[in-house]
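An overview of the molecular structure
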Amino acid sequence: MISLPGLLTFAALSLVALVLGVSLTRLVPGLAGQHPGVIALVLLLAFWSIRERWLRHAVQKRLIGEIEGLSEELALVRGTPVQPDAEPAAEPQLAASRPAIQPMPEPADDGTLLEAVRDALNNNRVELHVQPVVSLPQWRIRYFELLARPRDASGRAYQAAECLEALDAAGLRAEFDALMLLRSVQLVRRLESRARDAGFFLNLSAAMLEKPETFNPLYEFLQRERERAGNIVLEFALSGVRRLDRGGLYRLSRLAALGYAISVDGIDRLDLDFTGLAKAGVRFLKFDANLLCDPDWVANAALNIDDLREACTRQGLTPVLAKVESEADLIRLSDLGFPLGQGLLFGAPKLARAA
């Protein structure tokens, strides 16, 4: 289902195309034998294609304005213990004035979500949230993960992970990732004078590594900012990394060669090529706590979970226990010896206040 503005635009373009189609068959001798409807359809497709390109250009222009006008402040004090059910001491600049994020329903396949995400990008309603990644068992903040939350005109926030398909469909994923990358670099710049060791995980699409035309701009930007590489961890989903060919893995290793740590999340299997991942520059692997607590999944895993940390550390990889939502799960998995943890138990995502 197309939104009402989109439906009205489609109807208007259809009418214009039909009028032009009839006019062309009457005014242009070479088109006299053509059916007006066929010409109108061709014109309508051309008009719609131009509209989509114009909308995409408008979004890109808005994103550039958002980046250039960005003024984020977030004071981080690495090493401050995180207390359950309390504001982390390392987040004094997090705003509490915005409405809380509500869980979003499953994305619809009728185009509504796509339009909502496009509208959020075009109207500068993409908020930046941070979630702590802590050391275990001390619960001291070691890193933050940056999370983007598009928000519609009514104030409802959309989880970025649930919007990726819509972003891909709209051809906006690259712009979305670029915005988050530039925001994180801007954040690191502002922290240089007082928190040089603050680290941020940033999610990117592995599709950016598949072709030179999408990789080269990313690489050139990161090369210019390589002095801040120690503060940024580039994170890619396992599903995307597994689709990379030899060229894609080589490009991934080039990012690591610049000094950026690489993280892989969304791990749903243990038959990993730990050696190959390490050679490609991967340094962090995020394993979901809910899977490691699932007896059936553990029983069918290709690797004994008791050997998981050793398999990682043997290749210089740091395992992260992700999506930890309860203390019971943390206690249950404590024997695995994960050095880092992330999840609602350690701190929910908080809005980073823009000055």
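This section reports on the structure supplied with the text. (Residues numbered from 1 in each chain as written. Predicted model: local features only at pLDDT ≥ 70, side-chain atom pairs only at ≥ 80, totals over all residues. Heavy atoms only, no water.)

On to the environment of Gly230, then. With respect to the helices, strands and loops of the structure, Gly230 is situated in the loop between helix 6 (212-224) and strand 4 (232-237). Judged by its relative accessible area of 72%, Gly230 falls in the exposed class. For the pair formed by Gly230 and Gly199, sequence separation is 31 residues and the distance between their alpha carbons is 7.4 Å. (Helix = DSSP H or I, 4+ residues; strand = E, 2+ residues; numbered from the N terminus. Buried < 20%, exposed > 50% of the residue type's maximum accessible area, 1.4 Å probe, protein only.)

Moving on: the pairing of strand 4. Burial of strand 4 is extensive: 5 of the 6 residues sit out of reach of the surface. In this sheet, strand 4 lies alongside strand 3 (residues 199-203) in parallel orientation, the contact comprising 4 bridges. Pairing of Asn203 across the sheet is with Glu235, part of strand 4. Once the chain exits strand 3 it traverses helix 6 before rejoining the sheet at strand 4, and the crossover so formed is right-handed. In this structure, strand 4 lies alongside strand 5 (residues 261-267), joined through 5 bridges in parallel fashion. Residue pairing for strand 5: Phe236 is matched across the bridge by Val264. (Pairing = 2+ DSSP bridges. Right-handed = clockwise from strand over helix to strand, strands pointing away.)

This part is about the side chain of Asp265. Relative to the helices and strands, Asp265 resides in strand 5. At 5.8 Å, Lys286 is the nearest oppositely charged side chain to Asp265, a buried residue that forms no salt bridge. Sequence-distant contacts of Asp265, that is, excluding residues within four places in its chain, are made with Asn203, Glu235, Phe236, Ala237, Leu238 and Lys286. (Lys, Arg positive; Asp, Glu negative; His and termini not counted. Salt bridge = Lys/Arg side-chain N within 4 Å of Asp/Glu carboxyl O. Contact = heavy atoms within 4.5 Å.)

Turning our attention to the pairing of strand 1 (residues 126-135). Most of strand 1 sits out of view: 10 of its 10 residues are buried. Here 9 bridges tie strand 1 to strand 2 (residues 141-150), and the two strands are oriented antiparallel to one another. Along strand 2, the bridge assignment pairs Glu127 with Arg149. Between strand 1 and strand 2, which pair antiparallel and follow one another directly, the connecting turn spans 5 residues, one of which, Trp139, has a positive phi of 65°. Summarising the sheet, strand 1 and strand 9 (residues 350-351) pair through 2 bridges and their orientation is antiparallel. Bridged to His129 within strand 9 is Leu351. Alignment of strand 1 against strand 8 (residues 340-342), held across 3 bridges, turns out to be antiparallel.

Turning to helix 6, a few remarks are in order. Along an α-helix, residues three or four apart share an orientation, since each turn contains 3.6 residues. Compared with an ideal rise of 1.5 Å per residue, which puts 13 residues at 18 Å, helix 6 spans 18 Å between its outermost C-alpha atoms and is within 8% of the ideal. Every buried residue of helix 6 is listed here: Phe215, Leu218, Tyr219, Phe221 and Leu222. Axial view of helix 6: buried residues confined to an arc of 165°, hence all on one face. Counted as exposed and oriented over 90 degrees from the buried face of helix 6: Glu213 and Arg224. (Expected span 1.5 Å × (residues − 1). Arc of directions from axis to C-beta.)

With that settled, consider the pattern of salt bridges. By the definition in use, this model includes 7 salt bridges. We note a salt bridge from Lys323 to Asp288, for which the minimum N-O separation is 3.6 Å. Here the residue Lys323 occupies a position in the loop between strand 7 (318-322) and helix 13 (327-332), and Asp288 occupies one in strand 6 (residues 282-288), the gap between them amounting to 35 residues. We note a salt bridge from Arg314 to Glu310, for which the minimum N-O separation is 3.2 Å. Through salt bridges that share partners, Glu145, Glu235 and Lys286 make up one connected network.

Now for the packing of helix 6 against helix 8 (residues 246-257). Two numbers describe how helix 6 lies on helix 8: the axes approach to 11 Å, and their chain directions differ by 5°. By the angle class used here, helix 6 and helix 8 are roughly parallel. Contacts from Pro212, Phe215, Leu218, Tyr219 and Leu222 in helix 6 reach Arg251, Arg254 and Leu255 in helix 8. Counted by class, the contact of helix 6 with helix 8 contains 6 nonpolar, no polar and 2 charged residues. (Axes fitted to C-alpha atoms, helices over the stretch in contact; angles between N-to-C directions. Parallel < 35°, antiparallel > 145°, perpendicular 65-115°, else oblique. Nonpolar A, V, L, I, M, F, W, Y, C, P; charged D, E, K, R; others polar.)

For the rest of this paragraph, the subject is the side chain of Glu225. Positionally, Glu225 belongs in the loop between helix 6 and strand 4. Owing to a relative accessible area of 7%, Glu225 belongs among the buried residues under this scheme. Among the polar contacts listed, one links the side chain of Glu225 to the side chain of Arg228, at a separation of 2.5 Å. Contacts of Glu225, omitting those with residues within four sequence positions, involve Val185, Arg189 and Tyr260. (Polar contact = N/O pair within 3.5 Å; in protein donor to acceptor, adjacent residues only side chain to side chain.)

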